[in-house]
Structure formats: structure tokens, C-alpha cells
Amino acid sequence: ADFDAKKKRKVAEIYQALNSDPIDVAALRRMAISEGGLLTDEIRCKVWPKLLSVNTDDLPPLPAGKELREDNKDYQQVLLDVRRSLRRFPPGMPDDQREGLQEELIDIILHVLKRNPQLHYYQGYHDIVVTFLLVVGDRLATALVEKLSTHHLRDFMDPTMDNTKHILNYLMPIIDQVNPEVHDFMQSAEVGTIFALSWLITWFGHVLSDFRHVVRLYDFFLACHPLMPIYFAAVIVLHREQEVLDCECDMASVHHLLSQIPQDLPYESLISKAGDLFVQFPPSELAKEAAQAAQAERTAASTFKDFELASVQQRPDTVLRQRFKERLRGEERLQGEERTKSILTKPRTNRFVKLAVMGLTVALGAAALAVVKSALEWAPKFELQIFP
């Protein structure tokens, strides 16, 4: 009953944010990030477009499928991938209904690619598109996916994998900040980061069998910086610390372990941790290590300038750091100088992350992240600077 009351309260807050003038996008972001996400598909249909600044009053009609499919270089590959996507549809859905949706799925993908010749199809893209199709229907899905493809997913849609690999290069530095032991073990095993590739480029849609978990993550990712999925990937690895360290230290064993994603993850606490880590170790701080891993090109992510163009309100990471310092000061008073000295003299920087992760609650992380205005809100004005 307590849960129902909380849920009712949250629904009311979401509608209040939707009905305010102007729409309170920061509040909607906070709702999408905080516990339970956006709760229902009905709400997602209303909120997802706001998170992506898509105007729903003015959706273009979908073109007829036949003209899209003729002489389209991607048609055969898309067709193959969509045919293989059976398990992405709810079990028990009648065949003819599923086949109808698969046809719509092909049309959405080809439509977006035709309108944006700079985008290149990749295997796994259909896993993202089908998630939108199942939640919001074909017309709205087309508009949302097009916006997403030219923003959050832009790096995956280059002719080469270079930018995608560059984003994967953020994984190990994040793990290193939180748990050097796991980091060093993975380095010794030479496992690399390819195990997380399908997680990243499908926003976990391909690897999680429960659709509810997938849309919960989409709520979170749509409300955040485009690099958030790689922080979430790092948090999954960190969550499995014991299994990793108990594994044989060789590439095959560790890769096999990590690429099998557990289906019973504690999603809410992992989302909360990923949000906290993003604020403590923003991409700009990890960029140097990521670049050392590969002298990478400029990517949408690296030119995102983390929070420089964030809203005029106080920078969210600053808010968090202040709260964090205040908490540390409180602990110092409680536990005397010794404890502090030992924390601050640890050889690696940012070693009090363990304390922070224990202390920062999802509410705090969510409130801080909600202050960020995502690239999409400034897109028209700054498009050229952010996504060259």
C-alpha cells in the first residue's frame, strides 16, 4: 500500500510538470531518473518526447513502405536483423500482430536512414528502435528515434567503429576510480571492453530479457548525458566484483563471465550508483585516460563539454561536490582526524568514492542530474559546437 501511495504521488508530480507552462523538463528528468522511472507506457508517450525536445503536435506522416524499400542499400541487412528480433516482442503476442510490428520496424529504420544520409545503420540499432515502437507506436517512434540517432546514438552511426570504441574506452577508467583491484584484474586478463559493446549500442535492449527493465533504463538514459550507458555498464561490472575476482584470470574466462549479463540485477540501486559516479567522475575527468587507450577522434561525447553548457542554475556536479564535502566534514568531526588522514593520503586520487557511493542517495544524484539540461535542449542553437 505504501508503494501504491508513492506511485500515485509520483504520477501526480509527473502530470504537474507536464501541465506547467512552460513544461518543467528538469522535473521530468528527475522523475525519469528517480526510483521506478516513468512508471507506465502511457506516461512515457507524453514524457519521452519532452526529454528529447520532439514536438508531438507536428509529426510528419510516415511514407509508404514500398518506396522506402526499393533500391535501399540497407534493406537486406535490416530485414535480416528484424526477422531475428522475435524475442524482443512480448511472449504470447499473436504472430500476425508481431509481423505487422516487424514491418513497421523496418519502415521506421529505413525512413530515418533515408532522411539522414550521414547516418550508417549498425546491427543492434533495431533493438533500440523496437523498444520505442513497442512503447509509443510507429509515428511517434519515428520522430523520437530520428532525434536520438542524430544525438545520443550519433557516434554509433559513423561509417567506422572508431567513435564507438572511443566510448568503450571510458569503461576501464570508471572501474579504476571505484575499484582498482577489479580494474587491475581485468587488465591482467586482457579482457578488453568488447563484452560491453552490445550493451552500449543497444542501450541494453539486446541483452535484457525483461522488457520492463529495458524501458526503465531508457527512462534513465533519455534523461541523461549520452555517455550514461557506459557508466551503467561499469556499474554492472563493479556489482559483480566477487564473481570477477573469483574467475580464472584469462581473457576467455573473464569475457565469458562478463558477457553473460545477470537478469536479476538490482536496477534501481545500479541506476542510482551510475548517476552518482557520473557526477563524481564526469567524462571530462576521465577523457585523458580514455584517450590514452586510443588516440581518439573528437566524438559527440567529447565535444559535449560535459556541463559547460549546462543550465544557468548551479552546475549539478558542483552541487553534489558541496554536499559531499559537507558530509565529509561532518564525518571528520565525528571520527577524529585519524580517519580523515587515512582517507586523504590514499595513493590514488578520488579514493573516497567508496564513502560517496554509500552516502549519496538516488534522490540526491537524481536531483543533481536533473539540473543538467541535456544537449537536446540546446540543440538548435549549439548544434554545430556540440556535434560537429
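Residue positions are given per chain, counting from 1 as you read along its sequence in written order. In keeping with the model being predicted, local features are shown solely for residues with a pLDDT of at least 70 and side-chain atom pairs are shown and tallied solely at 80 or more, while totals for entire chains, interfaces and linings include all residues. Side-chain figures throughout are based on the complete set of non-hydrogen atoms in the structure, without hydrogens or water.

1. Things to note about the pattern of salt bridges
Next, step 1: Any carboxyl oxygen of Asp or Glu within 4 Å of a side-chain nitrogen of Lys or Arg constitutes a salt bridge here. Using the criterion set out here, one finds 15 salt bridges in the structure.
Next, step 2: Of the charged contacts in the structure, one is a salt bridge between Arg69 and Glu103, with a shortest N-O distance of 2.8 Å. Taken together, the residues Arg69 in helix 4 (residues 65–69) and Glu103 in helix 6 (residues 95–115) connect sequence positions 34 residues apart.
Next, step 3: The classification of residues rests on relative accessible area computed with a 1.4 Å probe and restricted to protein chains. Under 20% of the type maximum is buried, over 50% is exposed, and intermediate values are partly exposed. Owing to a relative accessible area of 18%, Arg69 belongs among the buried residues under this scheme.
Next, step 4: In this structure, a network of salt bridges that share partners links the residues Asp41, Arg44 and Asp219. Numbering of helices and strands runs from the N terminus; a helix is a DSSP stretch of H or I covering at least four residues, while a strand is a stretch of E covering at least two.

2. Describing the UniProt feature "transmembrane region" (unreviewed entry) in the chain
Next, step 1: UniProt positions are given in the numbering used here, feature names are shortened, and annotations may be inferred rather than shown by experiment. UniProt's entry tags residues 191–208, 220–238 and 352–372 with the feature "transmembrane region" (unreviewed entry), counted in the numbering of this structure.
Next, step 2: Across residues 191–208, the secondary structure splits into 28% helix and 0% strand, with the terminal C-alpha atoms separated by 22 Å.
Next, step 3: Along residues 220–238 one finds 74% helix and 0% strand; the C-alpha atoms at either end are 19 Å apart.

3. Focus: the packing of aromatic side chains
Next, step 1: Think of it this way: a Phe, Tyr or Trp ring, Trp meaning its six-membered ring, pairs with another when their centres are within 6.5 Å, and the plane angle makes it stacked under 30 degrees, edge-to-face over 60, tilted otherwise. Taken as a whole and judged by the stated rule, the model has 14 aromatic pairs.
Next, step 2: For the ring pair Phe195 and Trp199, a centre distance of 5.5 Å and an interplane angle of 70° mean the geometry is edge-to-face.
Next, step 3: Members of the aromatic cluster, connected to one another through ring pairs, are Trp48, Phe132, Phe195, Trp199, Trp203, Phe204, Tyr218, Phe220, Phe221 and Phe232.

4. Brief notes about helix 13 (residues 211–222)
Next, step 1: Expected span of a helix: the number of residues minus one, times 1.5 Å. Compared with the 16 Å implied by 1.5 Å per residue over twelve residues, the 16 Å span of helix 13 between its first and last C-alpha is a close match.
Next, step 2: The buried fraction of helix 13 amounts to nine of the twelve residues, a majority that puts the element mostly inside the structure.
Next, step 3: Buried within helix 13 we find Val214, Val215, Arg216, Leu217, Tyr218, Asp219, Phe220, Phe221 and Leu222.
Next, step 4: Any two residues whose heavy atoms approach within 4.5 Å at even a single point are treated as in contact. On the buried face of helix 13, the contacting elements are helix 2 (25–33), helix 3 (41–51), helix 7 (125–136), helix 8 (138–150), helix 14 (228–239) and helix 17 (267–280).

5. A closer look at helix 8
Since the α-helix advances by 3.6 residues per turn, residues separated by three or four positions end up pointing in the same direction.
Next, step 1: The terminal C-alpha atoms of helix 8 lie 18 Å apart, and with 13 residues this matches the ideal 18 Å at 1.5 Å per residue to within 8%.
Next, step 2: When you tally the buried positions in helix 8, you get eleven out of 13 residues, the bulk of the element.
Next, step 3: For helix 8, the complete set of buried residues consists of Leu140, Ala141, Thr142, Ala143, Leu144, Val145, Glu146, Lys147, Leu148, Ser149 and Thr150.

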